[in-house]
Amino acid sequence: FIPFPIVQNSHFSNDRPGRGPGQGVVLSAGPDTRPTVVEKYFDAFNSRDFEAALACFSEDVSYDDAQYPDPFEGRDAMRAHLSRVAARIPDSFEFVVDDIAVGPDGNIGTRWHVESDGKALPFARGCSFYTVDASTGLIASGFDVPEPAVIKPGDAGLTLLAAATKVIDEPVRAIPWLTWGAYVYVVFFSNGILPGADATQLEVRTWEEVRDLSLNFFLVSPLLHLPFSPVVHPGLEGIFNLLLSWAGMFAGFLSDEREDKPNIFPMTTAVIGMQFLTSAFLLPYLATRTSEDLGEDGMALVYKEDVPPLHNLIGESRLLGPLLGGVGTASIIWGFLARPEFGSIPERYASLVDLLSVDRVGSSFVVDLVLFGIFQGWMVDDDLRRRGVRDGGGTLGTAAKFVPFFGLAAYLLGRPGLPSRGAGTD
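Residues numbered from 1 in each chain as written. Predicted model: local features only at pLDDT ≥ 70, side-chain atom pairs only at ≥ 80, totals over all residues. Heavy atoms only, no water.

Some details on the overall build of the protein chain
Of the regular secondary structure elements, the protein chain holds 17 helices and eight strands. Counting over 426 residues, the protein chain shows a buried share of 48%. Within the protein chain, counting contacts between residues at least 6 apart in sequence, those at least 24 apart form 67% of the total. Here the protein chain displays about 20,300 Å² of accessible surface, and carbon together with sulfur accounts for 64% of that area. (Helix = DSSP H or I, 4+ residues; strand = E, 2+ residues; numbered from the N terminus. Buried < 20%, exposed > 50% of the residue type's maximum accessible area, 1.4 Å probe, protein only. Contact = heavy atoms within 4.5 Å. Areas by Shrake-Rupley, 256 points an atom, 1.4 Å probe, with all protein chains shown as cover.)

Concerning helix 14 (residues 360-375)
Relative to the 22 Å expected for 16 residues at 1.5 Å per residue, helix 14 spans 22 Å between its end C-alpha atoms, a close match to the ideal helical length. Those residues of helix 14 that sit buried are Arg360, Val361, Gly362, Ser363, Ser364, Phe365, Asp368, Leu369, Leu371, Phe372 and Phe375. For helix 14, the secondary structure elements touched by its buried residues are helix 5 (174-189), helix 6 (204-215), helix 8 (234-249), helix 9 (267-277), helix 10 (279-288) and helix 13 (345-356). (Expected span 1.5 Å × (residues − 1).)

Observations regarding a nonpolar patch on the surface
On the surface, Ile332, Ile333, Phe336, Leu337, Ile345, Val403 and Phe406 cluster together to form a nonpolar patch covering roughly 630 Å² of accessible area. Counting residues per element, the nonpolar patch draws most heavily on helix 12 (residues 320-337), which supplies four residues. Take Val403: it is sitting in the loop between helix 16 (394-402) and helix 17 (406-414). The partly exposed category is assigned to Val403, whose relative accessible area is 38%. (Patch = residues over 30% accessible without salt bridge, like charges linked within 9 Å, V, L, I, M, F, W, Y side chains within 5 Å. Salt bridge = Lys/Arg side-chain N within 4 Å of Asp/Glu carboxyl O.)

Concerning the layout of surface pockets
Considered as a void within the structure, the largest pocket measures approximately 750 Å³ in volume. Residue lining of the largest pocket: 29 residues in total, with Asp91, Asp260, Thr290, Ser291 and Asp293 positioned closest to the centre. At the level of elements, helix 3 (75-88) and helix 4 (155-169) are the ones that each hand at least two residues to the lining of the largest pocket. The element best represented in the lining of the largest pocket is helix 3, accounting for four residues. Here the lining of the largest pocket is built from residues that sort into ten nonpolar, five polar and 14 charged. Forming the boundary of the second largest pocket are 26 residues, of which Val210, Phe276, Leu277, Val361 and Phe365 lie nearest the centre. Elements represented by at least two residues in the lining of the second largest pocket include exactly helix 5, helix 6, helix 8, helix 9 and helix 14. (1 Å grid on protein atoms, 1.4 Å probe; cavity = no way out; pocket = protein on both sides within 12 Å on 5 of 7 lines; lining within 4 Å. Points joined across faces, edges and corners; volume = space filled by probe spheres on them. Nonpolar A, V, L, I, M, F, W, Y, C, P; charged D, E, K, R; others polar.)

Considering unusual backbone geometry
Positive phi outside glycine occurs at Arg48, with the angle close to 60 degrees. Checked against the element boundaries, Arg48 lands in the loop between helix 1 (37-46) and helix 2 (50-54). In this structure, His225 is a non-glycine residue whose phi angle is positive, near 55 degrees. Looking at the secondary structure, you find His225 in the loop between helix 7 (220-223) and helix 8. Residue classification places His225 among the exposed residues on the basis of a relative accessible area of 69%.

Describing the environment of Tyr130
By the element assignment, Tyr130 lies in strand 7 (residues 119-132). It is 5.2 Å that separates the C-alpha atoms of Tyr130 and Ile108, two residues lying 22 residues apart in sequence.

Details of the pairing of strand 7
Strand direction decides the pairing type here: strand 6 (residues 108-116) and strand 7, joined by eight bridges, are antiparallel. Across the sheet, the residue bridging to Gly109 is Phe129, located in strand 7. Between strand 6 and strand 7, which pair antiparallel in sequence order, lie two residues; one of them, Asp117, sits at a positive phi of approximately 50 degrees. Both strand 7 and strand 8 (residues 139-146) contribute to a ladder of seven bridges, which runs antiparallel. Within strand 8, the position partnered with Gly126 by the bridge is Pro146. Linkage of strand 7 to strand 8, two consecutive antiparallel strands, is achieved through a turn of six residues, within which Gly137 is found at a positive phi near 75 degrees. (Pairing = 2+ DSSP bridges.)

So, the packing of aromatic side chains
The full count for this structure, using the stated rule, is 20 aromatic pairs. An angle of 75 degrees between the planes, with centres 5.8 Å apart, marks the rings of Trp246 and Phe405 as edge-to-face. Remark: Phe405 occurs in the loop between helix 16 and helix 17 and Trp246 occurs in helix 8; sequence separation between them is 159 residues. What makes Phe405 buried here is its relative accessible area of 3%. Between the aromatic rings of Phe250 and Phe253, the centroid separation amounts to 6.3 Å while the plane-to-plane angle is 50 degrees, which identifies the pairing as tilted. Across this residue pair, the class does not change: Phe250 and Phe253 are buried. (Phe/Tyr/Trp six-rings, centres within 6.5 Å; stacked < 30°, edge-to-face > 60°.)

Comments concerning the side chain of Lys261
In this structure, Lys261 sits in the loop between helix 8 and helix 9. We classify Lys261 as buried; its relative accessible area is 4%. Of the polar contacts made by the side chain of Lys261, one reaches the backbone oxygen of Asp256; its length is 2.7 Å. Among residues more than four places away in sequence, those in contact with Lys261 are Asp256, Arg289, Thr290, Ser291 and Glu292. (Polar contact = N/O pair within 3.5 Å; in protein donor to acceptor, adjacent residues only side chain to side chain.)

Encoded structure:
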């Protein structure tokens, strides 16, 4: 699957056909028991020492992984490949050699499988063959043959394996995955569960409604009485803009994405995608995000300098909570009081219920609001640890986790800022 097993320095033995993890075999032409360049490479990768791993390759190495459509040519291409692989697999991954053979010409072959915390993973076995430049002792070429796949998955294979391993390591991650599967089916493909036609039927009325709500984004067009602003039920406008302002507040967790803590699914992509498909982007991010690596004190202190500048500017702004909280509050008020032609509050409530009873778009917004309320607090504990806050953050942390929308807005305003190395925080 990926050519980085842990290789044990064992001697040749052919009397134990059932070898377990770590009971590798070295077949060589002589008594030399010094580690081969391939063993050094494997050991360096598994300790995540990429410079040492790259030093095992010749400058013009050609590395052909059968999961990718094209070989990686040269040491720079290998550097990019190793970095990409390391960003997608957890530290618990170990590639365990079942057999290793060194030929008289110095070329090396291995048979291996993948484990996570000592448990063998399914469909994760393979063989690798390496040619070694006799003049330099470095790897001149490599060829990996994992268990066969119908298509060349490339990085997608790493991503799927890493996502599966996160669920194995932390079973609670199955909750957002299962919720996401149910959400996608119910909202986009089911008939009879939510009102209205499913997305595959491409109803003109549905797309017109999406267009009209988008034109009235954050109520700017109707408040300015712009000529292209369509008339939409104020209750539906309120729900739509409350949902988008709530989705935008998750940008307050952009410090969850850093160079030293890459996620399978980037946080920036998730936040932007939530403005269009809401929970369809939030739930996979929660299921696949990398948890903070806690120190002995239970903290995961992060400095402003560790966070990308744009993430700092947006995610750490004290204005984010009040601004989007204000938009959401205005949206609720709009639903109750705007557009007097829709009648009194009881009348507009009754007409909104009638609309939602036949409208797939509006009813899916209600589903999103419920899911946001359930999963709003999933990143709060890690966010507090990044700021050196213990014991769940007290009342503010509790509000962020359990008070829908307004609790998150208050948290983004009142939480401590990230420390700065320039301020001498340690």
